[in-house]
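Here is how the chains run, residue by residue.
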Amino acid sequence: SAKSGGRGAFRFFEPELDRLLHARRNLERDLRKALARSEFELHYQPFVNLKSGETCGFEALLRWHHPERGLVSPGEFIPVAEETGLILPLGEWVLRTACAEAAKWRSDLKIAINLSPAQFRSKELVSTIVSALAASGIASDRLELEVTETVIMHDSGTVFAALSQLRELGVRIALDDFGTGYSSLSFLQKFPFDKIKIDRSFVSELSSPMEEPHRIARAVVQFATSLGKTSTAEGVETAEQLDILRQEGCVEAQGFHLSPPIRASTIARLADRKAEAGEFAA
Ligand code: C2E
Ligand code: MG
Ligand code: MG
Ligand code: MG
């Protein structure tokens, strides 16, 4: 417990700090048990082609059903999983589960999976992915790996080598949350990737035509197009945002307006039918 005899000013904060450290230790302890207890689940959010309106694929999003706390968001537990190294077995579970799920879908539907920086620091990343693909039997060009600018800025040599190897296998690479990191243009030029996902902070302010966010969205779409990359807008919440993005030539969109993340069983039911965006709406 807190050191006694300290200065009053510090002692004042000790109970609060104690409480935070305690909560954090509990989270870590519970997270260590969660995988073995099957408390994780993947939800899947469709991304849609803006010209045809058809669903191109689904992004796997991790959910943790904590026995007492209920649903804990990835924003809370993924940083803890990264710091403790638990992200490695957890990330492997995500890869295997999502690929196996995608094997049940129509064979043109892609599966997008988020990777964290710690997974790139592991020597096992490429072999884990190859193994998940082989076990599921899905074609490698159905797999899309989402990485953030933070991932590519760290230890770029290792990341570059892993991504190049994966791309040679036919796996596609998407740059997630684009516009929120620090990647330079020269870096983007060298970095092997196929898709740019425009962060939802830009998309959410698209409502007024030709204001700054609109011009930024336009510039990013043009940037992607001129590099021969696919542009995807994240976090589309209104019909108006969707219209603007379509007008600007954005290739794909994803967001609550099209569909929230949904359970695997819902997709499986629709797998034999033609996948129109609206069919997945809740
Ligand atoms: P992300 O990859 O950028 O995923 C998009 C997040 O935005 C998801 O939150 C999704 O539910 C949410 N979202 C989708 N459409 C909308 C919308 O229209 N409006 C708003 N406000 N939000 C929308 P979620 O599921 O809480 O995930 C948060 C982040 O956690 C993800 O951001 C990703 O970075 C990370 N994450 C999720 N699953 C995994 C995973 O399996 N592995 C790793 N390493 N990270 C993951
Ligand atoms: Mg993502
Ligand atoms: Mg994102
Ligand atoms: Mg994000």
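Reading the values: the criteria
Counting restarts for each chain: residues are numbered from 1 in the order of the written sequence. For naming, the first written chain is A and the first written ligand is 1, with later ones following in the order written. Under the rules for a predicted model, residues below a pLDDT of 70 receive no local features and side-chain atom pairs below 80 are neither given nor counted, while totals for whole chains, interfaces and linings still include all residues. With hydrogens and water stripped out, all remaining heavy atoms of the structure feed into the side-chain values. In DSSP terms, a helix is any run of H or I states spanning at least four residues, a strand is any run of E spanning at least two, and both are numbered starting from the N terminus. We call a residue buried when its accessible area falls under 20% of the maximum for its residue type, exposed when it is over 50%, and partly exposed in between, using a 1.4 Å probe and counting protein chains only. By definition, residues are in contact when any of their heavy atoms lie within 4.5 Å. Per-residue accessibility takes into account occlusion by the displayed protein chains alone, with areas from the Shrake-Rupley method and a 1.4 Å probe. For Na, K and Ca the donor cut-off is 3.2 Å; for every other metal, N, O and S atoms count as donors within 2.8 Å. Water does not enter the count, which can leave sites looking incomplete. Pairing of aromatic side chains requires ring centres within 6.5 Å, counting the rings of Phe and Tyr and the six-membered ring of Trp. Pairs whose planes differ by under 30 degrees are stacked, by over 60 edge-to-face, and all others tilted. Charges are assigned to positions over rings by a cutoff of 6 Å between ring centre and Lys NZ or Arg CZ, combined with an angular limit of 35 degrees from the ring normal. Between the first and last residue of a helix there are one fewer steps than residues, each counted as 1.5 Å, and that sum is the expected span. Each C-beta atom gives one direction from the helix axis, and the arc is the one those directions make. Buried residues of nine kinds, namely Ala, Val, Leu, Ile, Met, Phe, Trp, Tyr and Cys, make up a nonpolar core once their side-chain atoms join them within 4.5 Å. Whether a residue is near a molecule or strand is decided by its heavy atoms; if any one of them lies within 4 Å of it, the residue is near. The definition of a polar contact used here is a pair of N or O atoms within 3.5 Å, where within protein one atom must be able to donate a hydrogen and the other to accept one, and adjacent residues in sequence count solely through side-chain atom pairs. Note: two strands are recorded as paired if DSSP finds a minimum of 2 bridges between them. Orienting the strands away from the viewer, one traces the path from the first strand over the helix to the second; a clockwise path indicates a right-handed crossover. Criterion for a salt bridge: a side-chain nitrogen of Lys or Arg within 4 Å of a carboxyl oxygen of Asp or Glu.

An unreviewed UniProt entry annotates the chain as Diguanylate cyclase (GGDEF)-like protein of Bradyrhizobium yuanmingense.

S.K.: I'd love a proper account of the overall build of the chain, names of residues and values included.
M.R.: Along its length, the chain carries 13 helices and ten strands. For the chain, the proportion of its 282 residues judged to be buried stands at 46%. Residue pairs at least 24 apart in sequence account for 66% of intrachain contacts in the chain once pairs closer than 6 positions are excluded. When the accessible area of the chain is evaluated, it comes to approximately 14300 Å², of which 54% is carbon and sulfur surface.

S.K.: Let's hear about the coordination of the magnesium ion (ligand 2): which residues, and what values?
M.R.: For the magnesium ion (ligand 2), every protein donor is listed as E59 (OE), N114 (OD1), E146 (OE) and D176 (OD), and the spread of their distances is 2.0 to 2.2 Å. Linear spacing of the donor residues for the magnesium ion (ligand 2) on their chain is E-x54-N-x31-E-x29-D.

S.K.: Can you lay out the packing of aromatic side chains for me, pointing to particular residues and giving the numbers?
M.R.: Inspection of every chain in the model, using the stated rule, returns eight aromatic pairs. Plain terms: the ring middles of F178 and F223 are 6.2 Å apart, the flat faces sit at 20° to each other, and that makes the pair stacked. Here F223 lies in helix α11 (residues 212–226) and F178 lies in strand β6 (residues 172–178), a separation of 45 residues in the sequence. Taken together, the ring pairs connect F40, W64, F77 and W93 into an aromatic cluster. For K229, the ring lying beneath its charged end belongs to F193, and the centroid distance is 4.6 Å.

S.K.: Explain α11 to me, and be specific about the residues and the numbers.
M.R.: With 15 residues, α11 should reach 21 Å at 1.5 Å per residue; the first-to-last C-alpha distance of 21 Å fits that figure. Along α11, the residues that are buried comprise P213, H214, A217, V220, V221 and A224. Down the axis of α11, the sector holding all buried residues measures 130°, keeping them to one side. Buried residues along α11 sit in contact with β6, β7 (195–198), α10 (200–203), β8 (230–233) and α12 (239–247).

S.K.: Quick rundown of the nonpolar core? Include the residues and the values.
M.R.: If you look at the biggest cluster of nonpolar residues, it comprises 74 residues, and the most contacted ones within it are Y44, I111, L145 and F191. With sequence-adjacent residues up to four places away left out, I111 is seen in contact with Y44, F58, A60, A98, A102, W105, I138, R142, L143 and E144.

S.K.: Go over the site of ligand 1, please, and point to the residues and values.
M.R.: Residues in close proximity to ligand 1 total 22 residues, the closest being R63, N114, D176, E237 and F256. One nitrogen or oxygen atom from the side chain of E234 is found 3.2 Å from an oxygen atom belonging to ligand 1. F256 has a polar backbone atom sitting 2.8 Å from an oxygen atom of ligand 1. Within the complex, 81% of the 800 Å² of free accessible area of ligand 1 lies under protein. Of all the secondary structure elements, the ones that give two or more residues to the shell around ligand 1 are β2 (55–66), α3 (74–84) and β6. Ranked by residues supplied to the shell around ligand 1, first place goes to β2 with four residues.

S.K.: Explain unusual backbone geometry to me, and be specific about the residues and the numbers.
M.R.: The phi torsion at S38 lies on the positive side, around 55°, for a residue other than glycine. Note that S38 resides in the loop between α2 (14–34) and β1 (40–49). Taking relative accessible area as the criterion, S38 reaches 59% and is therefore assigned exposed. Look at D177: it is not a glycine, yet its phi comes out positive at around 55°.

S.K.: Residue-level account of the pairing of β8, with values.
M.R.: Judged by which residues are buried, β8 turns out to be covered on both faces: T230 and T232 on one side and S231 and A233 on the other are all buried. As paired elements, β7 and β8 share four bridges and run parallel to each other. From the neighbouring strand, I198 faces β8, where its bridge partner is A233. Pairing of β8 with strand β9 (residues 252–253) involves two bridges; the strand directions are parallel. Following the sheet pairing, T232 is matched in β9 by E252. One crossover worth recording links β8 to the parallel β9 by way of α12, and it is right-handed.

S.K.: For the pattern of salt bridges, give the residues involved together with the corresponding values.
M.R.: Under the counting rule described, the total for this entry stands at 19 salt bridges. Its salt-bridge partner being E41, residue R263 comes within 2.7 Å of it at the nearest N-O pair. Taken together, the residues R263 in strand β10 (residues 262–263) and E41 in strand β1 connect sequence positions 222 residues apart. Look at R263 and you get partly exposed, because its relative accessible area is 41%. Between R69 and E76 there is a salt bridge, with its nearest N and O atoms 2.8 Å apart. According to the relative accessible area criterion, R69 is partly exposed, its value standing at 47%. Residue E76 is classed as partly exposed on the basis of its relative accessible area of 35%. Here the residues in one salt-bridge network are R24, E28, R32 and E83, joined through shared partners.

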